[in-house]
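Chain by chain, the residues run as shown.
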Amino acid sequence: MIRENLNRVRAGIETACERASREPSEVTLIAVSKTKPLEDLQEAYGAGVRDFGENKVQELVEKAAAMPQDIRWHMIGHLQRNKVKYIVDKVWMIHSVDSLRLAEEISREAQKKQTEVRILVEVNAAQEESKFGVSPSQTEELVRQIAVLPGIRICGLMTIAPFVTDPEENRKYFKQLKKLAVDIEGKNIDNVSMNFLSMGMTGDYLVAVEEGATFVRVGTGIFGERNYGAF
Ligand SMILES: *Cc1c(COP(=O)(O)O)cnc(C)c1O
């Protein structure tokens, strides 16, 4: 089942790339495995997945210890400052940096572990009350503040679009994130690149790819419905 789902999602990404005249190699599929048991991750791994996304620190750390070492782990969920120390040397990228204080903590822990952490700045593109993320108008300022911190490298932007039934409704937010990234790239801020755009989930990843996503984060579409509390 997981293998078939993966094939379908990969094929969808390819055709969305064709529509947008993009190279499929520009888009990395992150398999969002939160709440799913190790067997499911192993099956996805067997089908070639090397990028996994988790949204809870403890779950990420446990799964990283149990899975092969060539996996790139992506922290995609809200991150509390007191838990940063557990993951700075385990994740390939943190997608969910939404405040200077969190970035400062990542910087501190990265220096302690003599590493550099790749991050994305999370933007609340639709300005939803219920969502984390910096507002679009404050993104550049936050990027500038984080850019000067040692041990941390800003690689782009991330957004979680609203939950909608028609993915076309989210196209404007994906366009907006892409434009914001291009604008910020144009400012040539030291230590900042905007090479990565993390946007699109099961319901809207095709539209996100058409609008320039380089990471799509797909959970349900690969692993099926989640049963919270299962892990
Ligand atoms: C759970 C989650 C996803 C995946 O959601 P699906 O709709 O199951 O594809 C993507 N991004 C984030 C930040 C998530 O928390």
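Whatever comes next refers back to the structure up there.
Right, let's walk through the structure included here. (Residues numbered from 1 in each chain as written. Predicted model: local features only at pLDDT ≥ 70, side-chain atom pairs only at ≥ 80, totals over all residues. Heavy atoms only, no water.)

Thoughts on the overall build of the chain
We count it as follows: Helix numbers and strand numbers start at the N terminus; a helix is a DSSP run of H or I with at least 4 residues, a strand a run of E with at least 2. In this setup the radius of gyration rests on C-alpha atoms only. A globule is expected at 2.2 Å times the number of residues raised to 0.38. Burial classes follow relative accessibility: with a 1.4 Å probe on protein chains only, a residue under 20% of its type's maximum area counts as buried, one over 50% as exposed, and anything between as partly exposed. Whether two residues are in contact is decided by their heavy atoms: any pair within 4.5 Å suffices. The Shrake-Rupley method, run with a 1.4 Å probe, gives the accessible areas here. Residue values count only the displayed protein chains as cover. Two residue types count as positive, namely Lys and Arg, and two as negative, namely Asp and Glu; His and chain ends fall outside the count. Taken as the charge centre is NZ of Lys, CZ of Arg, CG of Asp or CD of Glu, depending on the residue.
Each helix and strand in the chain was counted, giving nine helices and eight strands. Radius of gyration (C-alpha) of the chain: 17 Å, near the 17 Å computed for a compact globule of 231 residues. In terms of overall dimensions, the chain has C-alpha extents of about 45 × 40 × 35 Å along its principal axes. A total of 231 residues make up the chain; the buried ones form 51% of that total. When contacts within the chain are restricted to residue pairs at least 6 apart in sequence, those whose partners lie at least 24 apart make up 59%. Surface summary for the chain: the accessible area is close to 11000 Å², and the carbon and sulfur share equals 48%. Computed over 31 positive and 34 negative side-chain charges, the separation of the two mean positions in the chain equals 3 Å.

Points about the pairing of strand β8 (residues 215–218)
This is how the line gets drawn: Note on pairing: two strands pair once DSSP finds at least 2 bridges between them.
Of the two faces of β8, the one lined by Phe 215 and Arg 217 and the one lined by Val 216 and Val 218 are each fully buried. Of the pairings in the sheet, the one linking strand β1 (residues 28–32) to β8 comprises four bridges and is parallel in character. The partner of Leu 29 across the bridge, within β8, is Val 216.

Focus on helix α6 (residues 136–147)
Heads up, the condition is: To estimate how far a helix should reach, multiply one less than its number of residues by 1.5 Å. Throughout, the arc means that of the directions going from the helix axis to the C-beta atoms.
Its twelve residues place the ends of α6 17 Å apart at the C-alpha level, agreeing with the 16 Å of an ideal helix rising 1.5 Å per residue. Listing the buried residues of α6 in full gives Pro 136, Thr 139, Leu 142, Val 143, Ile 146 and Ala 147. Mapping the buried residues of α6 onto a view down its axis gives an arc of 130°, with all of them on the same face. In the core, the buried residues of α6 are packed alongside β4 (93–97), α5 (100–112), β5 (117–123), β6 (152–159), α7 (171–185) and β7 (192–198).

Quick word on the site of the ligand
Going by this rule: Proximity criterion: a residue is near a molecule or strand once any of its heavy atoms comes within 4 Å of it. By the criterion applied in these results, polar contacts are pairs of N or O atoms within 3.5 Å in which, for protein atoms, one can donate a hydrogen and the other can accept it, and in which residues neighboring in sequence qualify only through two side-chain atoms. Each residue receives one of three labels: charged for Asp, Glu, Lys and Arg, nonpolar for Ala, Val, Leu, Ile, Met, Phe, Trp, Tyr, Cys and Pro, and polar for the others, Gly being one of them.
Around the ligand sit Val 32, Lys 34, Ile 76, Ile 160, Met 201, Thr 202, Arg 217, Val 218, Gly 219, Thr 220 and Arg 226, and those are all the residues in its vicinity. One nitrogen or oxygen atom from the main chain of Gly 219 is found 2.8 Å from an oxygen atom belonging to the ligand. Protein burial of the ligand: of its 390 Å² of free accessible surface, 89% is covered by the chains. Per-class residue counts for the shell around the ligand are five nonpolar, three polar and three charged.

Overview of the pairing of strand β3 (residues 72–75)
Where we set the bar: Classification remark: right-handed applies to a crossover when, strands pointing away from the viewer, the course from the first strand over the helix to the second runs clockwise.
As defined by bridge partners, strand β2 (residues 51–54) adjoins β3 across four bridges and the pair is classed as parallel. Looking across to β3, one finds that Gly 53 is bridged to His 74. Regarding topology, helix α3 (residues 57–66) serves as the crossover connection from β2 to the parallel β3, and that connection is right-handed. Strand direction decides the pairing type here: β3 and β4, joined by two bridges, are parallel. Bridge pairing in β4 links Met 75 to Ile 94.

Observations regarding the packing of helix α1 (residues 2–19) against helix α2 (residues 38–46)
How we decide: Here an angle of 0 to 180 degrees is reported between the N-to-C directions of two axes, which are lines fitted to C-alpha atoms, with helices fitted over the stretch in contact. An angle counts as roughly parallel when it lies under 35 degrees, as roughly antiparallel when it exceeds 145, as roughly perpendicular when it falls between 65 and 115, and as oblique in every other case. Note on convention: near helix rotated counterclockwise from far helix by under a right angle means a left-handed crossing. Clockwise means right-handed.
Running from N to C, α1 and α2 point in directions that differ by 50°, and their axes come no closer than 9 Å. Taken together, the axes of α1 and α2 are oblique relative to one another. Regarding α1 and α2, the two cross each other, and that crossing is right-handed. Of the residues in α2, those touching α1 at Ile 2, Arg 3 and Leu 6 are Asp 40, Glu 43, Ala 44 and Gly 46.

Comments concerning the pattern of salt bridges
The cut-off we apply is this: A pairing counts as a salt bridge when a side-chain nitrogen of Lys or Arg comes within 4 Å of a carboxyl oxygen of Asp or Glu.
The full count for this structure, using the stated rule, is 18 salt bridges. Residue Lys 131 is joined to Glu 128 by a salt bridge in which the shortest nitrogen-to-oxygen separation is 2.6 Å. Take Lys 131: its relative accessible area is 24%, and that puts it in the partly exposed class.

Focus on the packing of aromatic side chains
Here the distance between the centres and the angle between the planes together describe a pair of aromatic rings. Spelled out, the test is: Here a pair means two rings of Phe, Tyr or Trp (six-membered ring of Trp) with centres within 6.5 Å. Their orientation is stacked below 30 degrees between planes, edge-to-face above 60, and tilted elsewhere. Over a ring means this: the NZ of a Lys or the CZ of an Arg is within 6 Å of the ring centre and within 35 degrees of the ring normal.
Scanning the entire structure with this criterion turns up four aromatic pairs. When the centroid spacing of 5.2 Å and the interplanar angle of 15° are considered together, the rings of Phe 196 and Phe 215 count as stacked. Placement of Phe 196 in strand β7 and of Phe 215 in strand β8 is noted, with a sequence separation of 19 residues between them. In textbook terms, an aromatic cluster arises when at least three aromatic residues are bridged by ring pairs, as seen for Trp 92, Phe 196 and Phe 215. Taking the ring centre of Tyr 45 as reference, the NZ or CZ of Arg 50 above it sits at 3.5 Å. Its guanidinium or amino end placed over the ring of Trp 92, Arg 72 lies 4.0 Å from that ring's centre, counting from NZ or CZ.

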